[in-house]
Amino acid sequence: MRLNKFIAKAGICSRRAADQLIKSGLIEINGTIITNFAYQVKITDKVKYNKQTLNIGQTRLYAFNKPKACLTSSFDSAGRKIIYEYLPKNLQNFSPIGRLDYNSEGLLLLTNDGSLKRHYELPKHKIIRKYKVRIFGELQERVKKQIELGITIDKIKYQKCQIEIIKKGTNSWLEISLTEGKNREIRKIFEFFGHPVSRLIRTSYGKYKLQDLALGAIKELDI
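The sections below set out a description of the structure shown in this document. (Residues numbered from 1 in each chain as written. Predicted model: local features only at pLDDT ≥ 70, side-chain atom pairs only at ≥ 80, totals over all residues. Heavy atoms only, no water.)

## Points about the overall build of the chain
Condition: Runs of H or I in DSSP of at least four residues are treated as helices and runs of E of at least two as strands, each being numbered from the N terminus. Exposure is judged per residue with a 1.4 Å probe applied to protein chains only, and the accessible area is read against the type maximum: over 50% gives exposed, under 20% gives buried, and values in between give partly exposed. Should any heavy atoms of two residues lie within 4.5 Å, those residues are considered in contact. When charges are counted, neither His nor the chain ends are considered; positive counts come from Lys and Arg and negative counts from Asp and Glu. All charge positions are set by atom: Lys at NZ, Arg at CZ, Asp at CG, Glu at CD.
Check the secondary structure of the chain and you find five helices and 15 strands. With the C-alpha coordinates aligned to their principal axes, the bounding extent of the chain is approximately 60 × 35 × 35 Å. Expressed as a percentage of the 223 residues in the chain, the buried residues total 44%. Across the chain, every contact between residues at least 6 apart in sequence was considered, and the portion connecting residues at least 24 apart equals 63%. Counting 42 positive and 21 negative side-chain charges, the chain places the averaged centre of each group 3 Å from the other.

Take a look at the structure:
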């Protein structure tokens, strides 16, 4: 198997990003740094990245109920809490499918298969993510329709979505469904309209649902 494909299948990153790891001399095979993109990984090879051995086995998928105040990242220079501090040793090499920002909670999928990760992340597959969102104030119908049709803010185009108003009040609860998750998308949209988000919980990603999974808990899923 070509080296970049092996790295992607191990769940580290995409093939394109794997090429950069190889080019940068960050991949070690049998104790030797390999920078040859055409290298074919043999079954007897021991491939390492960041001092960790990469393995390709059965594709696995887990659900993690991410708490707020932690990053969907493997490292933070500021010393903030990261998701891997909650995960057991056998999941330290698993990659998140998509991201949740520092103060967002809820369903985060984790996999050891780079191809599965990319399939779920690519907007062209239109996989629906659902969020339960608490905003300040009441959302007016005209603003709701404007957001649902898609909107451009600071030259960034946000795609169509669906909004259901669950509860109105000083703080209103919404259910938002979208198929593309740009960086802090929901927060930026509602801040633009004067409705800061005070809580954001992802409740489903495609066919997978958060349901009653406890905060900080992990469970394996059927693929």
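## A look at the environment of Tyr86
Along the chain, Tyr86 falls in the loop between β5 (61–66) and β6 (95–97). Remark: the alpha-carbon pair of Tyr86 and Phe75, spanning eleven residues in sequence, is separated by 13 Å. Excluding its chain neighbours within four sequence positions, the residues that come into contact with Tyr86 are Phe64, Pro67, Cys70, Lys81 and Ile218.

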